[in-house]
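An overview of the molecular structure
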Amino acid sequence: ALAGHLADDFGRMGRLAAADPGAWRFIPIPLLHQGALEQALLFVRRSHRHDGGSDDEAGTRILVEIEHPRLGRMQIDALVRPHRLDLIVRSHGELPQALRDGLAAIHDEACALADMAGAIGFQATVNFVAPPLAADNFGVTA
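Residues numbered from 1 in each chain as written. Predicted model: local features only at pLDDT ≥ 70, side-chain atom pairs only at ≥ 80, totals over all residues. Heavy atoms only, no water.

**Digging into the packing of aromatic side chains**
- On inspection of all chains with the given rule, the structure shows one aromatic pair.
- Considering the side-chain rings of Phe26 and Phe43, the 5.3 Å spacing of their centres and the 40° angle between planes classify their relative orientation as tilted. Of this pair, Phe26 sits in strand 1 (residues 25–33) while Phe43 sits in strand 2 (residues 36–47), and the two are 17 residues apart along the sequence.
- Take Phe43: its relative accessible area is 8%, and that puts it in the buried class. (Phe/Tyr/Trp six-rings, centres within 6.5 Å; stacked < 30°, edge-to-face > 60°. Helix = DSSP H or I, 4+ residues; strand = E, 2+ residues; numbered from the N terminus. Buried < 20%, exposed > 50% of the residue type's maximum accessible area, 1.4 Å probe, protein only.)

Here it is as structure tokens:
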């Protein structure tokens, strides 16, 4: 039953992608954590320049939301452009400095390996970015 449900969801996502390539896509990612099925939320949107300008401003926006057992809900907001990777890590509370330092080091290493520039920032906030999704993305009615 789960495989059938996932196949239906991916088929629906494919049809939506063909209909509007610039719209936000929602992809639920099942995670098995300590024997319990949990879910990470992945949102993706590809942007293109329509004004004939440089493609350096075009890119892919990626939002990932997870629930951490000790740190609570977190959101990683990435903008990937040619030769650049920028990240904002949002959380409801201030992340420990050691964790921020570790994430910054991973980001720096990833950028160096990919020969990219980029920055990482951290934001403690009550509200996360909520991309607008079509009400019919997964058969949900408004």
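**Structural notes on the pattern of salt bridges**
- For the structure shown, the criterion picks out six salt bridges.
- In this structure, the salt-bridge partner of Arg84 is Asp86, at a minimum N-O distance of 2.8 Å.
- By relative accessible area, Arg84 is classed as partly exposed at 30%.
- Its relative accessible area of 16% is what places Asp86 among the buried residues.
- Two residues, Glu94 and Arg100, come together in a salt bridge whose shortest N-O distance is 2.3 Å.
- Here the salt bridges share partners, and the residues they tie into one network are Arg61, Asp77 and Arg90. (Salt bridge = Lys/Arg side-chain N within 4 Å of Asp/Glu carboxyl O.)

**Structural notes on helix 2 (residues 97–113)**
- Compared with an ideal rise of 1.5 Å per residue, which puts 17 residues at 24 Å, helix 2 spans 24 Å between its outermost C-alpha atoms and is within 8% of the ideal.
- The set of residues buried in helix 2 consists of Arg100, His107 and Cys111. Seen end-on, helix 2 carries its buried residues on one side only, within an arc spanning 35°. Turned more than 90 degrees from where helix 2 packs its buried face, Ala98, Ile106, Glu109, Ala112 and Leu113 sit exposed.
- For helix 2, the secondary structure elements touched by its buried residues are strand 5 (84–91) and strand 6 (120–124).
- After helix 2 finishes, the residue Asp115 shows a positive phi value of roughly 55°. (Expected span 1.5 Å × (residues − 1). Arc of directions from axis to C-beta. Contact = heavy atoms within 4.5 Å.)

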